[in-house]
Amino acid sequence: MLTVKQKRFCDEYMVDFNASQAALRAGYSKETYYAIGWENLKKPEIRKYVDEKLAELSLGPKEATKLISDIAKGSLNDYFKIKQVEHTPRVVRSLKLLIQDLRREIEFENEFASMAKLDKEAKDMHKAAQKNRELQIIRYQIELKRNPKASRIVNGETILIDAAELDMVKLVTDKEGGRIKSISHTPNGPRVEMYAADAALRDVAKIHGLFKEEEEKKDITININGKGVKIT
């Protein structure tokens, strides 16, 4: 039968699997908490209680090993998929070339109108669009008189490029499976926090008694020139 303090120790140990800190949070004294922590884990009844709690979580040695292996090997890159998307770059184009472009558009549209059977409304819209192109050419010509090097930043040719897209379905699934620490939404997009692989490995190993924490360095006081100096 565990005491109230021992149960508290077990519950605290399940938080971060740090025996000494669990003992301190459970109420053991600051002078003895480190030794008590590891002594408690050696007691069969406490070890049994902890193992039962782990069993309730359905995290046995094999499952823990698989999970921690996934965490250790995991990378945020695993949650991106590459797909091709349309991209229209912005380019600098001189007004001389833009005038040529407009003249080609006018020629194309005139040929289109002569071949297409446009109703009156469509013809009126077509004439208005052509008139706007002609006026734009005049504007560019006037500007070129004042500045022969005048240009504009316009849309270039649309191309396909590779883009990385975050796989939110896989991300959320692994978050539920314990492989991702947290996901939050920010004005700049989702923020993903991964578990530290080395810390996770150490914690799971401690859970199953694979190794113990390194013994804490004890404070040592030495005298230097008659003054006590503490070394930690």
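As a reminder, the structure under discussion sits directly above these lines.
Not measured: the values here are computed from a predicted model.

*Asks:* In this structure, what is going on with a nonpolar patch on the surface? I would like to understand it.
*Replies:* A surface patch of nonpolar side chains, amounting to about 250 Å² of accessible area, comprises Leu135, Ile138 and Ile142. Checked against the element boundaries, Leu135 lands in helix H7 (residues 120–146). Taking relative accessible area as the criterion, Leu135 reaches 39% and is therefore assigned partly exposed.

*Asks:* Help me out: how do you make sense of the packing of helix H2 (residues 19–26) against helix H3 (residues 33–42) in this one?
*Replies:* For any two helices packed against each other, the geometry comes down to the angle between their axes and how far apart the axes lie. Viewed as axis vectors pointing N to C, H2 and H3 meet at an angle of 110°, and their least axial separation amounts to 7 Å. Classified by the angle between their axes, H2 and H3 sit roughly perpendicular to one another. On H3, the residues touching Ala19, Ser20, Gln21, Ala23 and Leu24 of H2 are Tyr33, Tyr34, Ile36, Gly37, Trp38 and Leu41. Residue classes in the contact of H2 with H3 are distributed as eight nonpolar, three polar and no charged.

*Asks:* What should I look at first to understand the side chain of Gln6 in this one?
*Replies:* For Gln6, the location among the structural elements is in helix H1 (residues 4–16). On the accessibility criterion, Gln6 (10% relative accessible area) is buried. Those residues within four positions of Gln6 in sequence are excluded, and the remaining contacts are Met1, Tyr28, Lys43 and Ile46.

*Asks:* Would you take a moment to explain the side chain of Asp174 for this structure?
*Replies:* Considering the arrangement of structural elements, one finds Asp174 in helix H8 (residues 168–176). A polar atom in the side chain of Asp174 sits 2.6 Å from the side chain of Tyr79. Aside from chain neighbours lying at most four places away, what touches Asp174 is Tyr79, Arg179 and Ile180.

*Asks:* How should I be thinking about the pairing of strand E5 (residues 180–186) in this particular structure?
*Replies:* When a strand is regular, its side chains alternate between the sheet's two faces. With six bridges joining them, E5 and strand E6 (residues 189–194) adopt antiparallel strand pairing. Each bridged residue has a counterpart across the sheet, and for His185 the counterpart in E6 is Pro190. The loop that links E5 with its antiparallel partner E6 comprises two residues.

*Asks:* How do you make sense of the pattern of salt bridges when you look at a structure like this?
*Replies:* Oppositely charged side chains can pair when the atoms bearing their charge come close. Following the criterion strictly, the structure yields 10 salt bridges and no others. With its nearest N and O atoms 2.7 Å apart, the salt bridge here joins Asp101 to Arg104. Pair noted here: Asp101 and Arg104 are both in helix H6 (residues 95–115), with a separation of three residues, about one helical turn. Its relative accessible area of 48% is what places Arg104 among the partly exposed residues. In this structure, Arg133 and Glu105 form a salt bridge, with 3.1 Å as the shortest nitrogen-oxygen distance. Placement of the pair is Arg133 in helix H7 and Glu105 in helix H6, with a sequence separation of 28 residues. Within the structure, one salt-bridge network assembled from shared partners comprises Arg8, Glu12 and Arg25.

What counts and how
Residues numbered from 1 in each chain as written. Predicted model: local features only at pLDDT ≥ 70, side-chain atom pairs only at ≥ 80, totals over all residues. Heavy atoms only, no water. Patch = residues over 30% accessible without salt bridge, like charges linked within 9 Å, V, L, I, M, F, W, Y side chains within 5 Å. Areas by Shrake-Rupley, 256 points an atom, 1.4 Å probe, with all protein chains shown as cover. Salt bridge = Lys/Arg side-chain N within 4 Å of Asp/Glu carboxyl O. Helix = DSSP H or I, 4+ residues; strand = E, 2+ residues; numbered from the N terminus. Buried < 20%, exposed > 50% of the residue type's maximum accessible area, 1.4 Å probe, protein only. Axes fitted to C-alpha atoms, helices over the stretch in contact; angles between N-to-C directions. Parallel < 35°, antiparallel > 145°, perpendicular 65-115°, else oblique. Contact = heavy atoms within 4.5 Å. Nonpolar A, V, L, I, M, F, W, Y, C, P; charged D, E, K, R; others polar. Polar contact = N/O pair within 3.5 Å; in protein donor to acceptor, adjacent residues only side chain to side chain. Pairing = 2+ DSSP bridges.

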